[in-house]
Each structure stands twice: as C-alpha cells, then as structure tokens.
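Per-entry structural report
Chain by chain, the residues run as shown.
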Amino acid sequence: MKQLISGFLVFLFSISFVAAQNINSTLINYANNYGQERIYLHYDKSSYGPGETIWFKAYLMKAIYPADDSKTIYVDWTDDNGNLLLHGLGPVVDATAFGQFQIPENYTGRYIHVKAYTKWMLNFDSTFLYNKDIKVLSDSSKSTHAKTAIIPELNFFPEGGDAVEGITNKIAFKANDQYGRPIDIKGVIKDNKEQEITRLTAIHDGMGYFFISPKEGQTFTAKWTDENGKAHSTQLPAIKESGVSLQVNVAGSRRNFFIKKSPSTPLSSVHIIGTMYQQPIFNITKEFKDGVAEGTIPTENLPSGIIVITVFDDQWKPLAERITYVNNDEYRFEPAMTVQHWGLNKRARNEIEIEVPDSLSASMSVSVTDLGIDHDTSENIISHLMLTGELKGKVNNPTYYFSNNSDSMMQQLDLVMLTHGWRRFNWEKIVKGDYPVIKYQKDTAYLSLSGKVYGATPSRLREAGSIILMVTEKNQATQLYTTPIGADGSFDDSSLVIFDTARVYYQLAKTQGTSDISVQFMPNRLPPFTQNMKASGIYYNNFFDTTGNDYHIRLSDAAARELKYLQGKVLATVNIKANPKTRLGEMDKRYTSGLFSGGDDYQFDLVDDPFAMSATDIFQYLQGKVAGLQISGVGSNATLSWRGGTPQIYVDEMLTQTDMVASVPVTDVAYIKVFRPPFMGGTGGGAGGAIAIYTKRGNDQKQETGKGLSNNSVSGYTEIRQFYSPNYESISEDNDKKDLRSTLYWNPSVTTLPGKNKVTLKFFNNDITQAFRVVIEGMTKDGRLAHVEQVME
C-alpha cells in the first residue's frame, strides 16, 4: 500500500513538474511569438462639425516598446447607426501612421465611431481593438442628447474572481450609467434573512468595496437608490461552497498578496504566476499555513503597467486571478515648449520651439486650436497605451490616474483594477501548451501592388515570364513596371505602394493582347472589420468640459456658411480638348509612300502603345511581336533573321544599319511596319523582308493612357492629405474670405534626433482667435511617451 501511495505521489509530482515546465515554455513562446499590439490615435481636437476634417496620428506599441512589425493600420469610420463611411488604410513607419477623415457636410449623427487595428490584432479578443466615439456638434445633436434617459447600473466584482463560503471576501462594486459614466448611489447589503450586513459607500467615481463572510446557504442582495431617488435591487454573485480568495494590498512599491482557502478546500499549496504584457515575471509556489498563503511582490524594478496575478492548484487548474497596477513613472519624456514669436492679432505669425532631451529620438504630433472651443482631457496617449488599452470596459477619466503618483492615487487606481476584467490568457489552453489560432498573418511588408493572372496557360506564363504594369495615379506621372510572374500567375512588386485609387493597365510580356486574361489585384487586402461598429456613446466621455460647445458650434456653422458663400461665387469653366483617335490605316497613310505604303503587313503604333517606353530599343520592342522574326542580342549587337535571310532596316524609308537603329530612342518612334519576305521595295529583292521605322513628327501626340488595354481600378492606402496652414507672410489677405479655422495648426510628423533635439514650428492666427491651446503627444524609439498641454494667451 505504501509503495502504491508513493508511486501515486511520484506520478502527481511528475504531472505537476511537467505542467510547470509546459506553462513556463508556453508563456515564453507566447510572449515572443504572440505578443499583442495596442493602438492610440491623437486627434487635432476633441469634436467637429459636419463637413470638417478629422486629422489624426496613430501610435502603435507592443509590451513596453514601439510596435514596428505591422506595416499597415486599418481605420474604419462609421456613423452612429453602424454604417461604414470609410475603410481607411495607412502605412506604418517607425510604429506611427497618420491620415484624415472628412465628415460629410450633410451628416446629422451625434457621433463618428472610429475603430483602429492591425491585421495581427484581429487574431485576439476584439475588445482590445481601439474604439472611440467622436462628438459631432450641431444644434440638433444638443437637443437629442438632452432627451436621453439615464439608465443606472450596479455591478459587483469579488476580488480574485469568486466569493467563497467560510472565509472573508472583499467585494468591489461599480455604479455607472449606460455610457459607463460614474453615478452616485446610496444603499445597503442584506442577506436572505433581510439582515443588514454592511453599507454601500462609494470611495471614488462610483467605485468602492466592502467585506462579507458568507455562511452556508447565505445569499446577498444590494438595496440601493440612484441619483434621482429611484429604488433598485441587485443580486450579488453566487457564493461558492469551496475555493480560494485572492486579496492584494497596495503598499508603496510592494504588492502584498493573501490567498485564503475555504475549510472544505483540500489544498496544501498553490502555484502563483505573475505576468505583464503577456510576459512572465515570476512563478512561485506557496504553502498554506492556517488556511492562508501569503507573500510580497517587489515592484520598484518592474516597468509600469498591469501585473496579472493568477493562482493555480497543484494540478495547475486556475483558481483565482487579480490585476494590480505598477506606476514607476519611467515611461515618460517631457518635451519643453517655448514661444519664440507671439501673434495673437488677426492673421499674425506665431513660432514655437519644441525641445526634447538630447539623447532621445522622438516622433511627435502637434495641434494648435482655439482655446475657446471644447476640449476633452479625459484620455491621452499615456492613459490609453499604459492603462485603458489593456483593460476591458470603460474607465472614466483615465488621465486622472496619471496626474500624480501619491499613495491615495494608487489606492483609487486599485479600485479600477478591482472593477475591470482582464482575460488576455485562456489558462486552460496555456496549461495544455495550446496557442491562439492565427487566421491573420502580420502585415510585415507594405501594401504593394500584387495580384494574380487568370486565364493564361502555364506555358504562356512561362513564356511571358513577367507582366507589364502601367500605373496611373491621381496627380502623378504614369509609371511603367515589369514584374516577374510566378508559376501560379501571382506577382508582387514591393517597390510600388499605391495611395488612393489607381488605374492599372496590364499586359503579359512578349505577347500581344490581354482580352483572354484577367488579373485580380490586391487579393490580400483586408476588408472592413464590421463587428460592433455602431457608435453608442460608451466610447465617448460626456463629462469633459463642455463650456466651449456652443462657441465651437457657432464657429463651425459660420465656417460652413462661408464656404458655401464662396462656392456660390466661383464659376468654374472646364475646357476639354479631344484628340482625334489614331488608327493604323491613318498612320500608314500619313507616314509611308511608294512601295512602303499599303499591304497586309505587321504594323505598330508606338504613339498609342503605353508599353513602348518600357523597351530599351526598337529591337527589344519587336521581340515576340512578329511570327518568324528572330531577334537575338541587344543594342548595336542585335542580329535579325527571317526565313533564312536578314531583313533590311529603314528609318524614315532610308536604308540604315543595325547599330544606327539601336541608337534611336523608342520615345522618338511613331510607327513601325514589318514587311514579310520578300519585300519588293527593298534593294536586291528584299529576300529577308524589311523593317520600316518612322520617327515622330512635330504634331504627334500620345492619346489617352492605356487605350485598348485591359485595366482595373485598384485601391491602395488611403490618400494622405496635408493640413492647410496659410502663410500670411507670402500671400495677400483676401478680405472677401474669412479665416474661421478652429484648428490653427496640425503637424503629425514632428521628429527629433540625438544632436537635433530642437524643432521650430510656425503658424498663423485666424481672424478671431484670441488665445491658443497647444497639445504635444509623442513616442520615442525606446517606448517613452509624452503628453504636454500649454496655453498661449
């Protein structure tokens, strides 16, 4: 019997030891290969009017460093009914991206909802995607908001996860409305015999806690009244008959933990794992003494952020979990702003200098707005990337918790930890060594022009070897690219990054005609992520200072009326010149004479051939285009043969040598005619045929781009516009146009380097603003963050 028990204990120990090793290796692999990204967006201001442009810069982090793996960010803009307005894509450079969205002029909703993410983030809990509701100001939205009824909610959170019978439990609570805003309540906790156990007293922002020691069969109910005096009753979570409770106390730079087990729980020890940003920081085992296992976690050498403390039994089954926050303040850097030139008068010049510590490389965004408009101070780059981006549920006014690092502030922040869920890990899968199923691979390369050819046989693809692409983008010159094709018809030109929408004409190399093939471009472009897109107001803070709302509404309405007035005064006249269509018959009639004219021969119009310019010389252009004509070599070393003879070459109907033709630029050639052997107009009978080359004449004009070629409209990255900031030193004042901009300046690409740690920015006032608010946010290459606000008045 003793041997049997001993063998069983060895077996249990082996399971536990193997499980511990498995968890450690799984966590390390998880941290290295499944690290999750966080996104924050800095906007030029807090709210907008219909027709205005929302300017933004995105910052990406993974753990405590900039996230530079993903190269594309997706930003979806929806109205407050969940209808998609724009699926935006932006390139990520040095863990940042920027762009804009213009609100429709006829927009009548109260919010614009923003969802930002990378493709990699979609593999994990969608709760951690970036979400925000941006207020759209109008008189109609004010009246609608006033009619919204407040729905109070009260939720309870047993510390560690469960309330357990037979031991003292700490129960946290949170009272809020349907938008997540805190509300004031009063009430008591009663058991199932209607005996009062304790009173409900909020400590901070509708949050508080109390202690209960449940007995067998005991249940609890909260009897409370809301701010309007209405009575409510809320049942507390069910009491477990057995288990453990986990309590964590904040004591300066230490976290003291106490694990209590119920009398009916047969545990002698527990395993405790601590993680930060999905990375393990400790793994310890504690023995129970008199039903309690306790210990201390030193935090002074840890990075700032959320520690997740998880308790397991001896078989590595998770029993309890608690999160606690560490704020060592090492994540900050402080840009210093000084005013170099003041200009508070109408259209006056202003200059500010921004300086960062000389050793830092920083990327920053700077906004300057009218001080009189509304301003939301509830969230910034620090509060989101260091706190709310790691939590489920809404945290009211998260920037408050970073205003100082006092003991009382840390106690209030611990209430946030007690009342917000954290479930990055599925511990059952971690114990088994299972990893998340990866459906979306990282965008480790920029969104380049890629695609796949359909309708071409494998032999034709091998013969072509590449596809010729002619890309026409708005406000840019047409570009030609020759890109290799794989055996399956796929291609990807990483050198070509498209913004906005481009027209792409295509043709297989060494072949003529594209009517029998088709190309699917950008097959890996991610569609909009439509889950939970409706703007509900839960991601919008309604408690920020709204004293500037009316002023902002009047200002944006005046700007809209000014724009319509100016549009009504402008009469735009567009003259369209149509070039006549060039036909091969007309080209032949115009260029050829005598025996060179007419006939059923090969003809090539280089004026209308968009791919002509991709050829290095005439001989390369003709390769593969004429059946039986063999061309080998390049340039002056080219040799030609046709049916056993050598074709004669004519330039403008004058007999010419090969080396002379090789020096003629393809762009100078308008028309080529290839005569089958024999060519009766040639000297000596022309037994090898002839090639007649005609150079362009003075009025030769290229017609519409890509005429006659197969083409597709291809969408790439969303067009990035530049913020317009007038320079009143170089342009004369237009007295007929009022300057009513509420955003005076926006610059998302302010950078500093070691040795170049100062940047001077210049902007001009509008016609009415009397004071400015300057907001600077940024991130360094080593992951430090900055948020600075300064008033100029």
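For clarity, every value in this text was computed on a predicted model and none was experimentally measured.

Rules used throughout
- Residues numbered from 1 in each chain as written.
- Predicted model: local features only at pLDDT ≥ 70, side-chain atom pairs only at ≥ 80, totals over all residues.
- Heavy atoms only, no water.
- Helix = DSSP H or I, 4+ residues; strand = E, 2+ residues; numbered from the N terminus.
- Buried < 20%, exposed > 50% of the residue type's maximum accessible area, 1.4 Å probe, protein only.
- Contact = heavy atoms within 4.5 Å.
- Pairing = 2+ DSSP bridges.
- Phe/Tyr/Trp six-rings, centres within 6.5 Å; stacked < 30°, edge-to-face > 60°.
- Axes fitted to C-alpha atoms, helices over the stretch in contact; angles between N-to-C directions.
- Core = buried A, V, L, I, M, F, W, Y, C linked by side-chain atoms within 4.5 Å.
- Polar contact = N/O pair within 3.5 Å; in protein donor to acceptor, adjacent residues only side chain to side chain.
- 1 Å grid on protein atoms, 1.4 Å probe; cavity = no way out; pocket = protein on both sides within 12 Å on 5 of 7 lines; lining within 4 Å.
- Points joined across faces, edges and corners; volume = space filled by probe spheres on them.
- Nonpolar A, V, L, I, M, F, W, Y, C, P; charged D, E, K, R; others polar.
- Salt bridge = Lys/Arg side-chain N within 4 Å of Asp/Glu carboxyl O.
- Patch = residues over 30% accessible without salt bridge, like charges linked within 9 Å, V, L, I, M, F, W, Y side chains within 5 Å.
- Areas by Shrake-Rupley, 256 points an atom, 1.4 Å probe, with all protein chains shown as cover.
- pLDDT = per-residue confidence, 0-100.

A few words on the overall build of the protein. Per the secondary structure count, the protein includes ten helices and 46 strands. Looking at the protein residue by residue over its 793 residues, the buried ones come to 52%. A separation of at least 24 residues holds for 72% of the contacts in the protein among residues at least 6 apart in sequence.

Relative to strand β27 (residues 349-355), strand β26 (residues 336-341) runs antiparallel, the two being bridged by five bridges. Looking at β27, one finds that V339 is bridged to I352.

Another aspect to go through is the packing of aromatic side chains. As enumerated under the stated definition, the model contains 30 aromatic pairs in all. Centroid distance W55 to F723: 5.4 Å. Interplanar angle 80°. Geometry classified as edge-to-face. Note that W55 is positioned in strand β3 (residues 53-62) and F723 in the loop between β42 (711-715) and β43 (743-752), a separation of 668 residues in sequence. With respect to burial, W55 and F723 carry one shared label: buried.

Here we have three strands laid out as an open sheet, ordered β26-β27-β44, and antiparallel in their pairing. The sheet terminates laterally at β26 and β44 (758-764), the two strands that pair on one side only. Taken pair by pair, the neighbouring strands of this sheet meet at an average axis angle of 25°, ignoring direction.

Time to look at the nonpolar core. Formed by 106 residues in total, the largest nonpolar core has its most connected members in L41, Y43, W77, I259, L449, V453 and F521. At seven residues, the largest contribution of residues to this core is made by helix α4 (residues 407-418). Apart from the residues within four sequence positions on either side, W77 is in contact with Y43, I54, F56, N83, L84, L85, L86, F101, I112, H113, V114 and I134. A615, L622, V664 and I672 belong to the second-largest nonpolar core, a separate cluster that totals 25 residues.

A few words now on the sheet that holds strand β22 (residues 279-287). The four strands lie next to each other as β22-β21-β24-β25, forming an open sheet whose pairing is antiparallel. The open sheet has two free edges, formed respectively by β22 and β25 (318-326), since each of these has just one partner strand. Each adjacent strand pair in this sheet contributes to an overall mean axis angle of 20°, direction not counted. Here six bridges tie strand β21 (residues 269-276) to strand β24 (residues 305-312), and the two strands are oriented antiparallel to one another. The residue of β24 that forms the bridge with G274 is I309. On the sheet, α4 packs against β24 and β25 and is oriented at approximately 145° with respect to β25.

On to the pairing of strand β41 (residues 690-695). Within β41, five of the six residues are buried, which leaves the element mostly enclosed by the surrounding structure. Relative to β41, strand β38 (residues 648-651) runs parallel, the two being bridged by four bridges. Following the sheet pairing, Y650 is matched in β41 by A692. Pairing geometry for strand β40 (residues 669-675) and β41, over six bridges, is antiparallel. When the bridges of β41 are listed, V669 appears paired with T695.

With respect to the element layout, R181 can be found in the loop between β12 (169-176) and β13 (186-191). A distance of 2.6 Å separates a polar atom in the side chain of R181 from a polar atom in the side chain of D177.

Bringing empty space enclosed by the protein into the picture now. To find leftover empty space, one rolls a probe the size of a water molecule over the atoms. Counted under the stated rule, the structure contains three cavities of 30 Å³ or more. As for the largest cavity, its lining consists of 15 residues, of which F56, L89, G90, G99 and T718 are closest to the centre. Breaking the lining of the largest cavity down by element, the ones donating at least two residues are β5 (72-79), β6 (84-91) and β7 (96-102). In terms of residue class, the lining of the largest cavity is made up of nine nonpolar, five polar and one charged.

Our next topic: the pattern of salt bridges. One pass over the structure, following the stated rule, counts 20 salt bridges. One salt bridge connects D125 with K392, and the closest N-O pair in it is separated by 2.9 Å. Here D125, found in the loop between β8 (111-117) and β9 (130-136), pairs with K392, found in the loop between α3 (381-386) and α4; they are 267 residues apart in sequence, far enough to count as distant. In this structure K392 comes out as partly exposed when scored by relative accessible area, which is 26%. For the salt bridge of R741 with D739, the shortest nitrogen-to-oxygen distance reads 2.8 Å. Note on R741: relative accessible area 16%, which makes it buried. In this structure D739 comes out as buried when scored by relative accessible area, which is 6%. Salt bridges sharing partners connect three or more residues here, namely R349, E351, E729 and K762.

Together, F98, F499 and I720 line one region of the surface with nonpolar side chains, adding up to about 210 Å² of accessible area. With respect to the secondary-structure elements, I720 resides in the loop between β42 and β43.

On average, residues of the protein carry a pLDDT of 85, and 86% of them reach 70 or more. For the stretch residues 1-16, pLDDT sits under 50, and the model shows five contacts to residues farther than four places along the chain or on other chains. Predicted confidence is poor over residues 566-581, with pLDDT under 50, and the contacts of this stretch with residues over four places away or in other chains come to nine contacts.

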